[in-house]
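Coordinates in review
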There are 2 protein chains.
Amino acid sequence: MQFAPRGTVREVEEGRALMPKFDADGLVTCVATDAATGEVLMVAHMNAEALARTIASGEAWYFSRSRQALWRKGETSGHVQRVVEMRVDCDQDAVWIRVRVGGDGGCCHTGRASCFYRVIETGAGARPDQQLRFVE
Amino acid sequence: MQFAPRGTVREVEEGRALMPKFDADGLVTCVATDAATGEVLMVAHMNAEALARTIASGEAWYFSRSRQALWRKGETSGHVQRVVEMRVDCDQDAVWIRVRVGGDGGCCHTGRASCFYRVIETGAGARPDQQLRFVE
């Protein structure tokens, strides 16, 4: 793909060139949030081609680790994610997209608007073997 | 650690037991957002101990992949992340924490409030070899 090769730490962190750090599997992490509410919708992965297609099209493409396949979000469900803004983090191994969701507004394969529909209690002696709380 | 073993897909996705899916390196992905603004502050990782400590203390602990060490966020910088709410995603391989940041409100090791301080242009023929735009 057409991304710049990795540079020095200073170039990666303070430069204007996109130099993604793909992991051993060739992936960067992508966080998608709802552009209107700020809610985190999902965490997924992009390979170089998914990242390039997202940049060029303004719609989210991912790489499915379980299916080992490129994946245009919403291709079958209609839950297309139109990118309002995309950002990259300091070491360029993660991207954040703020999106508007198409179709009925869903995101999660369970049918919910967000994949993060259960709360983990924290603090005051909360335990790992607690009961999660559903939020929707 | 004291987490439940992985169950069936239905138990993982629709159950009330916390059954984290740690990857081959023993990690789950964690997205931290600012509880007030919704801005994504950072993407990092937690091993079982970091996750358990975050749950019990209500403050963010991570596992540094580069240093291969448990890491209490803000230990030296003062940028402690107090967890307002923690959630887990459908397949339980990622968590989302909404946090209030201590100290001077920073998060990124570069000194910025968020690690996501550069915008990637998308759509309308945007290119992988573009110039990133700084937002702060």
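Notes on the structure in this doc start here.

A few words on the relation of the copies chain B and chain A. Expressed as a screw operation, the relation of chain B to chain A combines 0.0 Å of axial shift with a rotation of 180°, fitting to an RMSD of 0.0 Å. Here the transformation between the copies is reduced to the relation of a two-fold axis. Among all residues of chain B, the one whose C-alpha sits closest to the rotation axis is Gly38(B), at a distance of 2.5 Å. Counting the interface residues of chain B, we find that 100% of their copies in chain A are interface residues as well, pointing to one common contact surface.

Here the focus is the packing of aromatic side chains. For the coordinates displayed, the defined rule picks out eight aromatic pairs over all chains. Taking 5.2 Å as the distance between ring centres and 45° as the angle between the ring planes, the aromatic pair formed by Tyr62(A) and Trp71(A) counts as tilted. Between Phe116(A) and Trp96(B) the ring centres are 6.0 Å apart and the planes differ by 80°, which places this aromatic pair in the edge-to-face class. With Phe116(A) in the loop between β6 (94-101) and β7 (118-120) and Trp96(B) in strand β6 (residues 94-101), this residue pair bridges two chains. Accessibility assignment for this pair places Phe116(A) and Trp96(B) in one class, buried. Taking the ring centre of Tyr117(A) as reference, the NZ or CZ of Arg112(A) above it sits at 3.8 Å.

Taken together, the 61 residues of chain B in the interface contact 61 residues of chain A. The junction of chain B with chain A conceals about 5000 Å² of combined surface from both sides, 58% of it contributed by carbon and sulfur atoms. Taken together, chain B and chain A are joined by six salt bridges. Between Arg65(A) and Asp93(B) there is a salt bridge, and its shortest N-O distance comes to 3.1 Å. Along the contact surface separating chain B from chain A lie 32 residue pairs in polar contact (both at pLDDT 80 or more). Broken down by secondary-structure element, the contributors of at least two residues to the side of chain B that touches chain A are α1 (9-14), β1 (28-34), β2 (40-46), α2 (48-57), β5 (81-88), β6, β7 (118-120) and β8 (133-134) of chain B. Among the residues making up the side of chain B that touches chain A, the classes are represented as 29 nonpolar, 16 polar and 16 charged. Across three bridges, the pairing between β7(A) and β5(B) is antiparallel. If you follow Arg118(A) over to β5(B), its bridge partner there is Val88(B).

As a further point, take the sheet that holds strand β2 (residues 40-46) of chain A. An order of β2(A)-β1(A)-β6(A)-β5(A)-β7(B)-β8(B) is seen for the six strands of this open sheet, with the pairing classed as mixed. Pairing within the sheet leaves two strands with one partner each, and these edge strands are β2 of chain A together with β8 of chain B. When strand β1 (residues 28-34) of chain A meets β2(A), the two strands line up antiparallel, connected through six bridges. Following the sheet pairing, Val31(A) is matched in β2(A) by Val43(A).

It is worth spelling out the sheet that holds β2(B) at this point. The strand order across the open sheet formed by six strands is β8(A)-β7(A)-β5(B)-β6(B)-β1(B)-β2(B), and the pairing between neighbours is mixed. In this open sheet, the two edge strands, each paired with only one partner strand, are β8 (133-134) of chain A together with β2 of chain B. Of the strand pairs in this sheet, β5(B) and β6(B) are connected by seven bridges, and their pairing is antiparallel. The partner of Gln81(B) across the bridge, within β6(B), is Val101(B).

A separate point is α2(B). Within the sequence span of α2(B), burial applies to Ala50(B), Leu51(B), Ala52(B), Thr54(B) and Ile55(B). Against the buried residues of α2(B) lie β7 of chain A together with β2, β3 (61-64), β4 (69-72), β5 and β6 of chain B. Just past α2(B), the residue Gly58(B) takes up positive phi, approximately 75°.

Under the defined criterion, the tally for this structure stands at 20 salt bridges over all chains. Here Glu85(A) and Arg98(A) are joined by a salt bridge, their closest N and O atoms 3.8 Å apart. Here Glu85(A), found in strand β5 (residues 81-88), pairs with Arg98(A), found in strand β6; they are 13 residues apart in sequence, far enough to count as distant. Take Arg98(A): its relative accessible area is 24%, and that puts it in the partly exposed class. We note a salt bridge from Glu59(B) to Arg82(B), for which the minimum N-O separation is 2.8 Å. With Glu59(B) in the loop between α2 and β3 and Arg82(B) in strand β5, this residue pair connects regions lying 23 residues apart in the sequence. Under the relative-accessibility criterion, Glu59(B) is labelled buried at 15%. Each of Glu39(A), Glu85(B), Arg87(B) and Arg98(B) takes part in a single network of salt bridges with overlapping partners.

Cut-offs applied
Residues numbered from 1 in each chain as written. Chains lettered and ligands numbered in written order. Predicted model: local features only at pLDDT ≥ 70, side-chain atom pairs only at ≥ 80, totals over all residues. Heavy atoms only, no water. Least-squares fit on C-alpha atoms with pLDDT ≥ 70 in both. Contact = heavy atoms within 4.5 Å. Phe/Tyr/Trp six-rings, centres within 6.5 Å; stacked < 30°, edge-to-face > 60°. Helix = DSSP H or I, 4+ residues; strand = E, 2+ residues; numbered from the N terminus. Buried < 20%, exposed > 50% of the residue type's maximum accessible area, 1.4 Å probe, protein only. Lys NZ or Arg CZ within 6 Å of the ring centre and 35° of its normal. Buried area = accessible area lost by both parts, 1.4 Å probe. Salt bridge = Lys/Arg side-chain N within 4 Å of Asp/Glu carboxyl O. Polar contact = N/O pair within 3.5 Å; in protein donor to acceptor, adjacent residues only side chain to side chain. Nonpolar A, V, L, I, M, F, W, Y, C, P; charged D, E, K, R; others polar. Pairing = 2+ DSSP bridges.

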